[in-house]
Amino acid sequence: MDPERACSVEQFVDMMNRLKDASGLTYRQLEERAERNGRVLPRSTIADVLRRRALPRPQILDSFVHACGAGEHVEVWLQARTRLALADGSAEGVPAVDGRAARVSPPQAGGDGDGSFEAGGAREGRAVEDAGSSDVPSDPGPVPARLRRRHRAVVPTLLASLCAVIVAGIATWLVLPDGPVGTESSRQEPAGGWYGLRPVRATDLCVTEGRETGESERPVAVQRPCARSTPPYTRIRPIGGGRFFVEWAHPVHGWGCLTVLPGGLLEPWDDCRSSRTSQVFTFEPVGTTGTRASSTAPAKAYRLRSADGRCVGISGTDPKAATAVARAQSCADTPAQHLLLVPEREPEANALPSATG
């Protein structure tokens, strides 16, 4: 979550989302924490910013970063926000005459503003304010205007283009399967639908929900006998470009996308986003086996790679150990990271959550 590395507004807001996730706080808790610290952070405003993927106002960003517990880094966040505002042509953050910083009101609805909204969706309009004096001329004259246009239009455009090329290259390297694009291997991705995930080394076991040992006891992916593996039911949902969500459906706990945690464990989250590399997977074919489940179609073996470059495998030395955890780790051509994708029938309607993911 280094905002200095953000090359676009979307990347910056994605880092804000990750900062919120790391804090473990809800929007209401963030608002209450900010209020205790003498700041204002309406939960409707910050929720709108994170959902619309637009730059927040500086005051909102300052309150948000402090509420998330990262106040010592707030200047880095604000500087990155100003840089992106200049590159994006946003009004706030544009230098005023004589080098003094000025804040300009965002345009009204229909314009290219900074995307932050108050409750009810109304923008908070503001007049031009000078940070150090109130005598800033309303017309800075032709020379400062030319300088400002060059700074805003030329340098940020080149920087944004360079960042876009770099990010596109990294994203392609992380997400695409091994081998040249267009090869037979890259076209053998599975169809969306209901499946069972079974380790190749123990085909009578299924990857399903268990509990992490210790104080948290949060739900994580483990292997256990297939007869006791449902619910949850596993669905593979395509999201384009050969990428997938691996979803769990539970009649009580609802829908969740398997998410790779920092330590490698996989936890179902009810907030699924294609921008999160920890929730996006590709399926790399590694062979076919005759194993069948309730379907007549044979299962196929895949390596499940997350978009952040790790592969899911069963940890531990005993491949048949019940409740051994699944963990994302460095990718290797090993049976421990080979999973069978076994087609299953769609569960009965009364076995699924009332609302789909």
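The notes below deal with the structure included here. The structure displayed is predicted, hence computed values, not measured ones.

Attention shifts here to the pairing of strand 14 (residues 339-343). When a strand is regular, its side chains alternate between the sheet's two faces. Burial analysis of strand 14 places five of its five residues in the buried class, the great majority of the element. Residues Leu339, Leu341 and Pro343 of strand 14 are buried on one face, and the alternating residues Leu340 and Val342, pointing to the opposite face, are buried as well. Alignment of strand 3 (residues 193-199) against strand 14, held across five bridges, turns out to be antiparallel. Bridge pairing links Pro199 to Leu339 in strand 14. Relative to strand 14, strand 11 (residues 300-306) is paired through three bridges, and the arrangement is antiparallel. From the neighbouring strand, Tyr302 faces strand 14, where its bridge partner is Leu339.

The next point concerns helix 5 (residues 74-88). Helical geometry note: an α-helix holds 3.6 residues per turn, so side chains three or four residues apart project in the same direction. With 15 residues, helix 5 extends 21 Å between its outermost C-alpha atoms, agreeing within 8% with the 21 Å of an ideal straight helix rising 1.5 Å per residue. Taken together, the buried positions of helix 5 are occupied by Val74, Trp77, Leu78, Ala80, Arg81, Leu84, Ala85 and Leu86.

This paragraph deals with the environment of Glu212. Among the secondary structure elements, Glu212 is positioned in the loop between strand 4 (205-211) and strand 5 (219-225). Along the sequence, Glu212 and Glu267 sit 55 residues apart, while their C-alpha atoms lie 9.6 Å from each other. Once residues lying within four places of it in the same chain are set aside, the contact partners of Glu212 are Glu217, Arg218, Val220 and Leu265.

Attention now moves to the packing of aromatic side chains. Tallied over the full model, the rule gives four aromatic pairs. With a centroid separation of 6.1 Å and an interplanar angle of 45 degrees, the aromatic rings of Trp194 and Trp255 are classed as tilted. Separated by 61 residues along the polypeptide, Trp194 in strand 3 and Trp255 in strand 8 (residues 254-260) bring together distant segments of the chain. Ring centres of Phe283 and Tyr302 lie 5.7 Å apart, and the angle between their planes is 85 degrees; this geometry places the pair in the edge-to-face category. One end of the pair, Phe283, is in strand 10 (residues 281-288); the other, Tyr302, is in strand 11, and 19 residues separate them in sequence. Members of the aromatic cluster, each reached through a chain of ring pairs, are Phe244, Phe283 and Tyr302. Positioned above the aromatic ring of Tyr27 is the side chain of Lys20, whose terminal nitrogen or guanidinium carbon lies 4.5 Å from the ring centre.

Checked against the element boundaries, Arg211 lands in strand 4. The sequence separation of Arg211 and Thr323 amounts to 112 residues, and the corresponding C-alpha distance is 8.8 Å. Not counting residues within four places of it along the chain, the set of residues in contact with Arg211 comprises Glu217, Arg218, Pro219 and Val220.

The geometry of a pair of packed helices is captured by two quantities: the angle between their axes and the separation between those axes. The interhelical angle for the contact between helix 1 (residues 9-23) and helix 5, taken along N-to-C directions, is 155 degrees, at an axis separation of 10 Å. If you check the angle between helix 1 and helix 5, you find them roughly antiparallel. The handedness of the crossing between helix 1 and helix 5 comes out as left-handed. Residue-level inspection shows Val9, Phe12, Met15, Met16 and Leu19 of helix 1 in contact with helix 5, the latter providing Trp77, Ala80, Arg81, Leu84 and Asp88. Grouping the amino acids of the contact of helix 1 with helix 5 by side-chain chemistry returns eight nonpolar, no polar and two charged.

Quick notes on the rules
- Residues numbered from 1 in each chain as written.
- Predicted model: local features only at pLDDT ≥ 70, side-chain atom pairs only at ≥ 80, totals over all residues.
- Heavy atoms only, no water.
- Buried < 20%, exposed > 50% of the residue type's maximum accessible area, 1.4 Å probe, protein only.
- Helix = DSSP H or I, 4+ residues; strand = E, 2+ residues; numbered from the N terminus.
- Pairing = 2+ DSSP bridges.
- Expected span 1.5 Å × (residues − 1).
- Contact = heavy atoms within 4.5 Å.
- Phe/Tyr/Trp six-rings, centres within 6.5 Å; stacked < 30°, edge-to-face > 60°.
- Lys NZ or Arg CZ within 6 Å of the ring centre and 35° of its normal.
- Axes fitted to C-alpha atoms, helices over the stretch in contact; angles between N-to-C directions.
- Parallel < 35°, antiparallel > 145°, perpendicular 65-115°, else oblique.
- Left-handed = near helix turned anticlockwise from the far one by under 90°.
- Nonpolar A, V, L, I, M, F, W, Y, C, P; charged D, E, K, R; others polar.

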